[in-house]
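Secondary and tertiary structure notes
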Amino acid sequence: MPHQIPENFRHRHSVKSIPRLDRYILLKYLKTFLMAMALIIVIVITFDVSEKLDDFLSGHAPLGEIVYRYYLNFIPGFVNLYSPLFIFISVIFFTSKMAGNTEIIAILGSGISYRRLMRPYFYGSVIVALIVLFFGNFIIPVNNRTLTKFENDYIYTRRQDYFSNIHFQAKSGVQIYAESYDARTMRVNQFHRDVYDQHGCLVDRIYCSSIQYDTLTNKWDCIDFLHRTIDGDQEHLSRTGQSQRALGITPDDFNWASDDVTTMNSPQLYRYIMHEKMRGSTTVTASKIELYQRLLNPFAIIIMTFIGLGVSSRKTRGGIGVHLAIGITLAFAFIVFMKVSTVFAVFGTLNPFLAVLLPQALFGVIAAVMIRTAPK
């Protein structure tokens, strides 16, 4: 039975009807999204518990720790990561239902333009995008720290404070090499420091079989200290069995290499990128991608909202099933494109910013075309 035109849509451009329309669609938008996320979270937690139950038992993790330290910190990250996909599915679901009940036809038939119909969808997408932007840049990194500590305590019991094959640039022209670093004792084995002049010529080299940081003097206790200086054709070599030196570095320079970028908020991540760029680190590209995804991915919520509206606002014989099939295909194409572009950035020559921006720009164009060609 065709859905009757709501009374508040009958008056052409009624002052009261338009705010009611906004509230009507906005509430559907947010309620459907929250219900979809709640259902999928229950399913994901069920599967995650069954997968990690043996790890929890073998690690003797208390129930309170599992609930409060693990899952309460796991849920926000999951919602943040998959919110564009579930916003998309939610928009398709409730808009298809409205189209099937001829509500869209009734709204447009009452004199409200399609462009005006888009406004509450835009409001809803901006609300969710701003929440995702705030959580992704400031809250999720804090949750990830707690998650990482829980996993290190109860799931991955291997040492997380010992690192090997270290190479970085401490500052311009100063290269550091080390066989290993123990963060607990602040001890470095097989330490090399090479200093190059502006022409790229080696002018100073220090080698120690081991160095250990003294927190009282803020210097390094050096074993088998070997210092070689080069000035043109002249070389000077000095050797000391044990001495204490200020080498121009601190344990923080070694700890930078062990930091997980997912546990840093965005200002910390930006400083980390600048520091690693100065050091000549190979992790700069991946760190930039992480930062750009935090800043740009909320726009995917707006884009996927309008693609969902364009797909589902027309009434079809197949109903919601056809809309969901088309929508899910587009959503997974978007996800695949995002993954492929980041791979080209990490292992190829694609600029990290473009790697994150291109999928959004392409599907933004698709959203504009779909909205433009939607039945008015």
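Refer to the structure above for everything that follows.
Below is a short write-up of the structure. Quick caveat: nothing in here was measured; it's all calculated off a predicted structure.

Considerations on the sheet that holds strand β2 (residues 174–182)
The strand order across the open sheet built from six strands is β1-β2-β3-β4-β5-β6, with neighbouring strands paired in antiparallel fashion. Strand pairing shows two members of the sheet lacking a second neighbour, β1 (162–171) and β6 (234–245), which therefore form its edges. Direction aside, neighbouring strands of the sheet carry axes that sit 10° apart on average. Sheet topology places strand β4 (residues 202–214) next to strand β5 (residues 219–231); nine bridges connect them, and they run antiparallel. Residue pairing in the sheet places Gln212 in a bridge with Asp221 of β5.

Remarks on helix α9 (residues 320–347)
Between its terminal C-alpha atoms α9 stretches 40 Å, which fits the 40 Å expected from 28 residues at 1.5 Å a residue. Taken together, the buried positions of α9 are occupied by His323, Gly327, Leu330, Ala331, Phe334, Met338, Ser341, Thr342 and Ala345. Elements in contact with the buried residues of α9: α2 (63–100), α7 (284–296), α8 (298–312) and α10 (352–373).

Remarks on the packing of α2 against helix α4 (residues 114–154)
As a packed pair, α2 and α4 sit with axes 7 Å apart at the nearest point and diverge in direction by 155°. Here α4 runs roughly antiparallel to α2, going by the angle between their axes. α4 is crossed by α2, and the crossing has left-handed handedness. Residue composition of the contact of α2 with α4, by class: 16 nonpolar, eight polar and five charged.

Brief notes about the packing of aromatic side chains
Under the counting rule described, the total for this entry stands at 17 aromatic pairs. Here the aromatic rings of Tyr70 and Tyr71 are separated by 4.7 Å at their centres, their planes lie at 85°, and the arrangement is edge-to-face. Its relative accessible area of 2% is what places Tyr70 among the buried residues. Across the ring face of Phe225, the terminal group of Arg245 is positioned such that the distance to the ring centre comes to 4.1 Å.

Overview of the pattern of salt bridges
On inspection of all chains with the given rule, the structure shows nine salt bridges. Residue Asp48 pairs with Lys52 through a salt bridge whose shortest N-O separation is 2.9 Å. A residue pair is termed a helical-turn pair when its members lie 3 or 4 positions apart in one helix, as Asp48 and Lys52 do in helix α1 (residues 17–58) at four residues. Here Lys52 falls in the buried class, since its relative accessible area comes to 13%.

Section: the side chain of Arg294
Secondary-structure assignment places Arg294 in helix α7. Arg294 gets classed as buried once you look at its relative accessible area, which sits at 8%. A distance of 2.7 Å separates the side chain of Arg294 from the backbone oxygen of Met264, its partner in a polar contact. Engagement of the side chain of Arg294 in a polar contact is seen with the side chain of Glu290, the distance being 3.0 Å.

Rules and cut-offs
Residues numbered from 1 in each chain as written. Predicted model: local features only at pLDDT ≥ 70, side-chain atom pairs only at ≥ 80, totals over all residues. Heavy atoms only, no water. Pairing = 2+ DSSP bridges. Helix = DSSP H or I, 4+ residues; strand = E, 2+ residues; numbered from the N terminus. Axes fitted to C-alpha atoms, helices over the stretch in contact; angles between N-to-C directions. Expected span 1.5 Å × (residues − 1). Buried < 20%, exposed > 50% of the residue type's maximum accessible area, 1.4 Å probe, protein only. Contact = heavy atoms within 4.5 Å. Parallel < 35°, antiparallel > 145°, perpendicular 65-115°, else oblique. Left-handed = near helix turned anticlockwise from the far one by under 90°. Nonpolar A, V, L, I, M, F, W, Y, C, P; charged D, E, K, R; others polar. Phe/Tyr/Trp six-rings, centres within 6.5 Å; stacked < 30°, edge-to-face > 60°. Lys NZ or Arg CZ within 6 Å of the ring centre and 35° of its normal. Salt bridge = Lys/Arg side-chain N within 4 Å of Asp/Glu carboxyl O. Polar contact = N/O pair within 3.5 Å; in protein donor to acceptor, adjacent residues only side chain to side chain.

Everything listed here is a matter of geometry and, on its own, says nothing about what the molecule does.
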